[in-house]
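# A structural walkthrough
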Amino acid sequence: MGFDREKLREKIEKHLHAYVGVQSDTGTVHERNIEKFFEKWFEDVPYFKEHPEYRGIFPIPNDHLNRHVPWALLKGEGNETIVLLHHSDTVDTVDYLHLRELSLKPLELEKAMKEGKIFMPEDAKMDLDSGEWVFGRGTNDMKGGAVIHIAMMEEYAKLKDFKGNLLLIAAADEENLSAGAIGAAYLLKDLMDKFGLEYKLCLLTERDTSTEGRTLCDGSVGKIMPLIYVSGKIAHVGKVYDGLNPVKLLAKIVDYLDLNPEFIETNERATTPAPTFLYAKDHKKIYDVSLPAAASGFMSFYCFHRAPKESLELIRKACEQAMSNVISAINNSFTQYLQISNARKEPPEWKVNVKLYGELYEEALREGGDKFLTAIGKIKGEVKEKVRSGGMTPIEASHEIIEGTLAFAEDLSPTVIITLVPPYYPYVSNEKLKEKGQFIDSIGDMLIKYAKEKNGHEYRKVYMTGMCDLSYMMQTDDKETNDYIENNMLMWGDGYYIPFEKIRRISMPVLNVGPMGRGLHQYTERVFKPDVFYTIPDYVDFIIRKTLGHE
Ligand SMILES: [Zn+2]
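Residues numbered from 1 in each chain as written. Predicted model: local features only at pLDDT ≥ 70, side-chain atom pairs only at ≥ 80, totals over all residues.

Quick look at helix α1 (residues 5-20) now. Note that an α-helix has 3.6 residues per turn; residues three or four places apart therefore point the same way. For α1, which comprises 16 residues, the first-to-last C-alpha distance of 22 Å matches the rise-based estimate of 22 Å (1.5 Å per residue) to within 8%. Considered for burial, the residues of α1 that qualify are Leu8, Lys11, Ile12, His15, Leu16, Tyr19 and Val20. Taken around the axis of α1, the buried residues stretch over an arc of 145°, which confines them to a single face. Facing away from the buried side of α1 by more than 90 degrees, the exposed set consists of Glu6, Lys7 and Lys14. Elements that come into contact with the buried residues of α1 comprise α2 (33-44), α4 (106-114), β4 (133-135), α6 (139-157) and α15 (529-547). (Helix = DSSP H or I, 4+ residues; strand = E, 2+ residues; numbered from the N terminus. Expected span 1.5 Å × (residues − 1). Buried ≥ 20, exposed ≤ 12 C-beta atoms within 10 Å, placed from the backbone. Arc of directions from axis to C-beta. Contact = placed C-beta atoms within 7 Å.)

Have a look at this one:
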């Protein structure tokens, strides 16, 4: 690396404390504090002070919190450009309990931890005593990685005749719905047209939490969020066979789908986690003696090559089996009830009834026509406002839209409705971008060799398996898949939107190499100093120079 190691360390350390000190809890107005940090930075760095046209604070389109994406372009020679991406938000700080006030002040937090003011698990205590880790909210995820980009931009900006361009992007909302990275797609397209940029690579410096060696990520697993809404039939608890309890049906559906190995996908490099439910409850708000009217749940569902359509059809099949199974169970129970009670009653007549939301919508439109369109338009407008003002969660909004549609359905028997809710993270992988991807693949191989020779680090290539902003740096799905998402995702265009065509135009290969971190999203969150100060800046420099043809 051509820079003075110690001077760069000083700069990184200074920025780390300052950036961690900026409160930027995800999904809150605090995220806007980041803008002030960058406004000051633009004034402090001579290159950006002198070139206001090469930096800015870009408003995220239609963002309910009016958040922005700070960006800075080092405009060198030629068109080849590397995007240096980080996310500027963090999870909140409640887990620091009585030390919450210190969670954004690494030095004071370290002192309090050393004085035993909070319980430290053994591994965290060892790291604390070693003095080699920086503790604090966001140190690991991912302000430690972010400040490597920020400090290095300053150093590169001092060089004369820089070959290629570097574009720093600070994305909001990564821990939530990735509004920052999705919004950045508009910015990246604008800057591409304005300055004639050719995107060669998006380089992320997200933490490396691998416990076996180190990881270089060149793709990210895809993820959808299917919501399953079960509309039952209300009955008095004294007459249970007159109704159908949606809790029983949802429980069976959860049992069929949760951790179902049929949905695990694998390729030669990685395996997706099995799906799991993040939420499952009935919709009763008070105690009364009726069966609940409805229940719903949604799950986190990972994918590689399986298209969303195929996944929803598999889920539909599982729901149909679950419903059939529950109907048999109800009939068995009823038969035994008759035997025990000697009563004479007609058996309940339930049928399997599972629909995608799009099918329910068509049915309601057929039945209700304009009346339905007016009613559903009104509901969508109302819930959009409520979500925007924080008075309603997107999930509650989804329920209202489904209920408003069900009200117009012809078939009022118990129904299972399957739909998608935000967010959607497309599966991305460099191999999808052919030669452009192969080129970055070869840079990755060179880095692996370099890291091994220089520091004995054993890197292996993996995909990111958490949701991550890289999902919005390339778009290679076919139009049919894009349309399917649009048509089957509630709130699409009403608070959630992915500009697939813009992303397709900016599509670039991706890499992630970041500092070792531990205690992710916990109060023991920490990042490894030697990585933040020396090792990763060296690797980032290596990737930049090789990609832009400096050597
Ligand atoms: Zn992160």
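For the rest of this paragraph, the subject is the domain arrangement of the protein. Examined at the domain level, the protein breaks down into domain 1 (5-221 + 425-547) and domain 2 (226-420). If you average the C-alpha positions of domain 1 and of domain 2, the two centres end up 38 Å apart. Listed by partner, the interface residues are 17 residues for domain 1 and 24 residues for domain 2. Elements with a contribution of two residues or more to the side of domain 1 that touches domain 2: β15 (459-464) and α13 (479-488). Residue contributions to the side of domain 1 that touches domain 2 peak at five residues, all from α13. Looking at the side of domain 1 that touches domain 2, its residues break down into nine nonpolar, six polar and two charged. (Domains from an automatic or database assignment. Nonpolar A, V, L, I, M, F, W, Y, C, P; charged D, E, K, R; others polar.)

Time to look at helix α10 (residues 357-388). Compared with an ideal rise of 1.5 Å per residue, which puts 32 residues at 46 Å, α10 spans 23 Å between its outermost C-alpha atoms and falls more than 12% short. Along α10, the helix axis deviates most sharply at glycine 368, where the bend reaches about 120°. Restricting attention to buried positions, one finds in α10 the residues Tyr357, Leu360, Tyr361, Ala364, Phe372, Val383 and Val387. If you follow the buried residues of α10, they end up packed against β12 (354-356), α11 (394-406), β13 (415-420) and α13. In the segment just after α10, glycine 390 is the residue with positive phi, at about 85°. (Bend = angle between axes of the 7 residues up to and from the residue.)

Our focus in this paragraph is the sheet that holds β4. Two orientations exist for strands paired in a sheet by backbone hydrogen bonds: parallel and antiparallel. One open sheet holds the three strands; their spatial order is β4-β18-β17, and the pairing between them is antiparallel. The strands lining the two open edges of the sheet, one partner per strand, are β4 and β17 (517-518). Sheet topology note: the β4/strand β18 (residues 526-528) ladder contains three bridges and is antiparallel. Residue pairing in the sheet places valine 134 in a bridge with valine 527 of β18. (Pairing = 2+ DSSP bridges.)

Along the chain, the position of threonine 139 falls in helix α6. Residue classification places threonine 139 among the buried residues on the basis of 32 C-beta atoms within 10 Å. Distance in space between the C-alpha atoms of threonine 139 and lysine 529 is 10 Å, their sequence separation being 390 residues. Excluding its chain neighbours within four sequence positions, the residues that come into contact with threonine 139 are Val20, Pro106, Val134, Gly144, Glu525, Arg526 and Val527.

To continue, consider the nonpolar core. Counting residues in hydrophobic clusters, the biggest one holds 141 residues, and the most contacted among them are Val83, Leu84, Ile169, Cys202, Leu203 and Cys319. Broken down by element, the residue count for this core peaks at nine residues, all from α6. Each of domain 1 (5-221 + 425-547) and domain 2 (226-420) contributes no fewer than three residues to this core. Beyond its immediate stretch of four places on either side in the chain, isoleucine 169 contacts Val69, Trp71, Val83, Leu84, Leu85 and Ala184. (Core = buried A, V, L, I, M, F, W, Y, C linked by C-beta atoms within 7 Å.)

What follows deals with the environment of valine 22. Tracing the sequence through the fold places valine 22 in the loop between α1 and α2. The exposure class assigned to valine 22 is partly exposed, which follows from the 19 C-beta atoms found within 10 Å. It is 32 Å that separates the C-alpha atoms of valine 22 and valine 383, two residues lying 361 residues apart in sequence. Apart from residues no more than four positions distant in its own chain, valine 22 is found in contact with Asn33, Ile34 and Phe37.

Quick look at the packing of α1 against α6 now. Put simply, α1 and α6 touch, their axes get as near as 8 Å, and they point 135° apart. Classified by the interaxial angle, the pair formed by α1 and α6 is oblique. By crossing handedness, the relation of α1 to α6 is classed as right-handed. Along the contact surface, α1 presents Leu8, Lys11, Ile12, His15, Leu16, Tyr19 and Val20, while α6 presents Thr139, Lys143, Gly144, Ala146, Val147, Ile148, Ile150, Ala151, Glu154 and Glu155. Here the residues of the contact of α1 with α6 sort into ten nonpolar, three polar and four charged. (Axes fitted to C-alpha atoms, helices over the stretch in contact; angles between N-to-C directions. Parallel < 35°, antiparallel > 145°, perpendicular 65-115°, else oblique. Left-handed = near helix turned anticlockwise from the far one by under 90°.)

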